[in-house]
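So you can see what is in the structure, the chains are spelled out below.
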Amino acid sequence: MLPDGLHDVPNDRIAAVVTSLEMFERPAVRPDPDGPWRLQRLERPDPKDYRALYKKIGERWVWFSRIVMSDDDLAAIVQHPKVEVYGLETGNVLEGLLELDFRVDGEAELAFFGVGPSLIGGGAARWLMNRALELAWQRPIARFWVHTCTLDHPNAIGFYQRSGFVPFRRQIEIEPDPRLRGISMASRDHVPVLA
């Protein structure tokens, strides 16, 4: 446990409070907003194509874990038969990412979830979450969970709670700042680079 008070984070690191949330039964699905969206299953996505979508959705929120992985390590996850990757398509362009991980028996992890900047606040995330809930709970699972952090959209925790998830753990994550390697540079407007 960290003692109470402020703790310095080295300039070459980035820190976030991570909140994990879970649900143990399928919640009532909220009404779908109207929109021109379609869910597209990305079968065995190529690491290059996956990273392009991942970056499009997550660069502003300092998503970097899949950027720094080797192609082989990334392919081992996103091409695993118990991992499902979907894109939210609008106007023949992928503008959202939904990744469900069923590799632990009896549960599903909402590994990555988000919509592109042009869709934020327009109902696309609600529509995509409804698809996530349908897909996860059609499996024989007893638990569906997700984690988010203070680097994510400021409404993320509230959105997950409105979707039926309940917080169960908080952690501090400290990692080398990926922006010092030129990754997730779009986040600088809300998370300054110190080094």
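Keep in mind that what you see is a predicted model, and the values were worked out from it rather than measured.

Visitor: Help me understand the side chain of Glu-22, please; the structure alone is not making it clear to me.
Guide: Tracing the backbone through its elements, the reader meets Glu-22 in strand β1 (residues 13–23). Judged by relative accessible area, which is 14%, Glu-22 ranks as buried. At 2.8 Å, the side chain of Glu-22 forms a polar contact with the side chain of Arg-143. In contact with Glu-22, other than residues within four places in its own chain, are Arg-143, Phe-144, Trp-145, Gly-164, Phe-165, Val-166 and Phe-168.

Visitor: Any chance you could explain the packing of aromatic side chains here in plain terms?
Guide: Describing an aromatic ring pair means giving the distance of the ring centres and the angle of the ring planes. Evaluation of the coordinates by the stated rule reveals ten aromatic pairs. Judged by centre distance (6.2 Å) and plane angle (50°), the rings of Trp-37 and Trp-127 are tilted. In this pair, Trp-37 is assigned in the loop between β1 and β2 (38–41) and Trp-127 in helix α3 (residues 124–137), connecting sequence segments 90 residues apart. As far as the burial class goes, Trp-37 and Trp-127 line up, both buried. Taking the centre distance of 5.1 Å and the plane angle of 75° together, the rings of Tyr-54 and Phe-112 count as edge-to-face. Separated by 58 residues along the polypeptide, Tyr-54 in helix α1 (residues 47–58) and Phe-112 in strand β5 (residues 107–115) bring together distant segments of the chain. Judged by its relative accessible area of 0%, Tyr-54 falls in the buried class.

Visitor: I tried to follow the nonpolar core on my own but got confused; where do I start?
Guide: In terms of nonpolar packing, the biggest core is built from 29 residues, with Leu-98, Leu-110, Met-129, Phe-144 and Tyr-160 touching the most fellow members. Elements supplying a minimum of two residues to this core: β1, β3 (83–90), β4 (93–101), β5, α3, β6 (143–149) and α4 (156–162). Here the element with the most residues in this core is α3; it accounts for nine residues. Counting 15 residues, the second-largest nonpolar core is a separate cluster that includes Leu-42, Leu-53, Tyr-54 and Val-83.

Visitor: For this particular structure, what's the right way to read a nonpolar patch on the surface?
Guide: Together, Leu-2, Ile-172 and Ile-174 make up a nonpolar patch on the protein surface, roughly 290 Å² of accessible area in all. One can find Ile-172 in strand β7 (residues 166–176).

Visitor: Would you mind showing me how to read the sheet that holds β6 here?
Guide: Hydrogen bonds between backbone groups are what pair the strands of a sheet, and the pairing can be parallel or antiparallel. Across the sheet, seven strands lie side by side as β2-β3-β4-β5-β6-β1-β7; this open sheet has mixed pairing. One side of each edge strand has no neighbouring strand; the edge strands of this open sheet are β2 and β7. Across this sheet, the average inter-strand angle for adjacent strands is 25°, counted without regard to direction. The pairing of β5 with β6 spans four bridges and is parallel.

Reading guide: rules and limits
- Residues numbered from 1 in each chain as written.
- Predicted model: local features only at pLDDT ≥ 70, side-chain atom pairs only at ≥ 80, totals over all residues.
- Heavy atoms only, no water.
- Helix = DSSP H or I, 4+ residues; strand = E, 2+ residues; numbered from the N terminus.
- Buried < 20%, exposed > 50% of the residue type's maximum accessible area, 1.4 Å probe, protein only.
- Polar contact = N/O pair within 3.5 Å; in protein donor to acceptor, adjacent residues only side chain to side chain.
- Contact = heavy atoms within 4.5 Å.
- Phe/Tyr/Trp six-rings, centres within 6.5 Å; stacked < 30°, edge-to-face > 60°.
- Core = buried A, V, L, I, M, F, W, Y, C linked by side-chain atoms within 4.5 Å.
- Patch = residues over 30% accessible without salt bridge, like charges linked within 9 Å, V, L, I, M, F, W, Y side chains within 5 Å.
- Areas by Shrake-Rupley, 256 points an atom, 1.4 Å probe, with all protein chains shown as cover.
- Salt bridge = Lys/Arg side-chain N within 4 Å of Asp/Glu carboxyl O.
- Pairing = 2+ DSSP bridges.
- Axes fitted to C-alpha atoms, helices over the stretch in contact; angles between N-to-C directions.

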